[in-house]
Amino acid sequence: MQLDQAAIVIRPRTLAAVADLAFRYVFALQPRLYLKLCATLLLPPLLILGYLRHMLSFEWFGLWVMAIAYTTFAQGAFTVAAGRMMFERDVTFKNVMQGYGTRFWGHFFPILFTRLAVAATLITFALGMVYWIRYAFVHEAVLLEGQKGKAGPERSAGIVRGHTSDAFKLLLLLWATQLGFVFCAEALGRALLEYVLMFPTLTEPVEEAGGSLFALFGFLVATPFVTATRFLAYIDARTRRDGWDIQVAFLDFDASVKTGVR
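Since the model is a prediction, treat every value here as computed from it, not as a measurement.

Enquirer: How would you explain the packing of aromatic side chains if you had to name every residue and give the values?
Expert: For the structure shown, the criterion picks out 18 aromatic pairs. Taking 4.9 Å as the distance between ring centres and 80° as the angle between the ring planes, the aromatic pair formed by F104 and W105 counts as edge-to-face. By relative accessible area, W105 is classed as exposed at 54%. One aromatic cluster is present, built from ring pairs that chain together F73, Y100, F104, W105, F108 and F109.

In structure tokens, the structure reads:
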């Protein structure tokens, strides 16, 4: 891993700066890659959920549970993409999917275990929050660092240790991002149908009905941005914990000495 070859400048950032960089990370570096990932991983579940709702009359609560469960695991592919884009200039869709495929089961079980642990401990709210924070970076620990089994959750806890408040703020930001995408998609979708296409919507607003296809679309589309934000927060945590910015500064200094530039 060549830190001086990273796609972004390695330096400590505020959470607001991380969130702003995440949107540029998705839109500016390799937007076509993200578009392919979204079309492959997010469009089919949207169609399936829409079919379950309108053809089989599934309740919105069950559909939201399925959407949350699916995106939790789908974030793995976007995590692999974000990690490769950090140090590679030409990341292909095929390479990302192959990379995630080889790590799928190693990723599946730690994520399943940690999410079940959080769900089980939410009965005691404080304990649930503790586990939620401890497991903030399980995706990155397993998929990017190659941690296996229980080592992934333990590694995540180690990264978070001493920075609990920062991890908690990050998780709140990720939750707020998903919620913002849900309501923005709902508002824009209804406006497009009612005021541009002059086609009346046949369902109640999401806050009254409990869900809509527009809201589901927004929730699914939030996945790459949520993943990029968490990945960049992970990079920031490693930068602060392991002194990556100092290492890059020394690399730049050594390069300047070799070239005679000070």
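Enquirer: Describe unusual backbone geometry, listing the residues and the values that go with them.
Expert: It is generally the case that most residues other than glycine have a negative phi and that most peptide bonds are trans. The phi dihedral of S57 is positive, around 60°, even though this residue is not glycine. Its location among the elements puts S57 in the loop between α3 (43-54) and α4 (60-87). In this structure S57 comes out as exposed when scored by relative accessible area, which is 55%.

Enquirer: Outline a nonpolar patch on the surface, supporting the account with residue identities and numerical values.
Expert: Residues Y51, M55, L56, F58 and M66 make up a contiguous nonpolar surface patch of about 490 Å² in total accessible area. Residue position: M66 is located in helix α4. In this structure M66 comes out as partly exposed when scored by relative accessible area, which is 33%.

Enquirer: Go over empty space enclosed by the protein with me, naming the residues and quoting the values.
Expert: Per the counting criterion, the structure on display carries one cavity of 30 Å³ or more. Considering only enclosed or pocket space, the largest cavity measures out at about 30 Å³ in volume. Taken together, I8, R11, R13, V18, L21, L232, I235 and D236 make up the full set of residues lining the largest cavity. Mapped by element, the contributors of at least two residues to the lining of the largest cavity are α1 (15-29) and α11 (213-242). Broken down by element, the residue count for the lining of the largest cavity peaks at three residues, all from α11.

Calculation criteria
Residue indices begin from 1 for each chain and proceed along its sequence in written order. It should be noted that, the model being predicted, local features are given only for residues of pLDDT at least 70 and side-chain atom pairs only at 80 or more, the latter also being counted only at that level, while totals for whole chains, interfaces and linings use all residues. With hydrogens and water excluded, all non-hydrogen atoms of the structure serve as input to the side-chain values. Only rings of Phe, Tyr and Trp enter the pairing, Trp through its six-membered ring, and a pair is recorded when the two centres are within 6.5 Å. The plane angle decides the type: under 30 degrees is stacked, over 60 is edge-to-face, the rest tilted. Classification of residues uses two cut-offs on accessible area relative to the type maximum, computed with a 1.4 Å probe and protein chains only: under 20% is buried, over 50% is exposed, and between them is partly exposed. The secondary structure listing takes helices from DSSP runs of H or I that are at least 4 residues long and strands from runs of E that are at least 2 residues long, numbered from the N terminus. Residues form patches when they are more than 30% accessible in relative terms and have no salt bridge. Like charges link within 9 Å. Nonpolar side chains (Val, Leu, Ile, Met, Phe, Trp, Tyr) link within 5 Å. Note on areas: Shrake-Rupley, 1.4 Å probe, and residue coverage restricted to the protein chains presented here. Definition used for salt bridges: Asp or Glu carboxyl oxygen within 4 Å of a side-chain nitrogen of Lys or Arg. Definitions used for this entry: grid spacing 1 Å over protein atoms alone; cavity, a set of points where a 1.4 Å probe fits but cannot get out; pocket, an open set with protein on both sides within 12 Å along at least 5 of 7 lines; lining residue, one with an atom within 4 Å of a point. Grid points are joined across faces, edges and corners, and a volume is the space filled by probe spheres set on the points.

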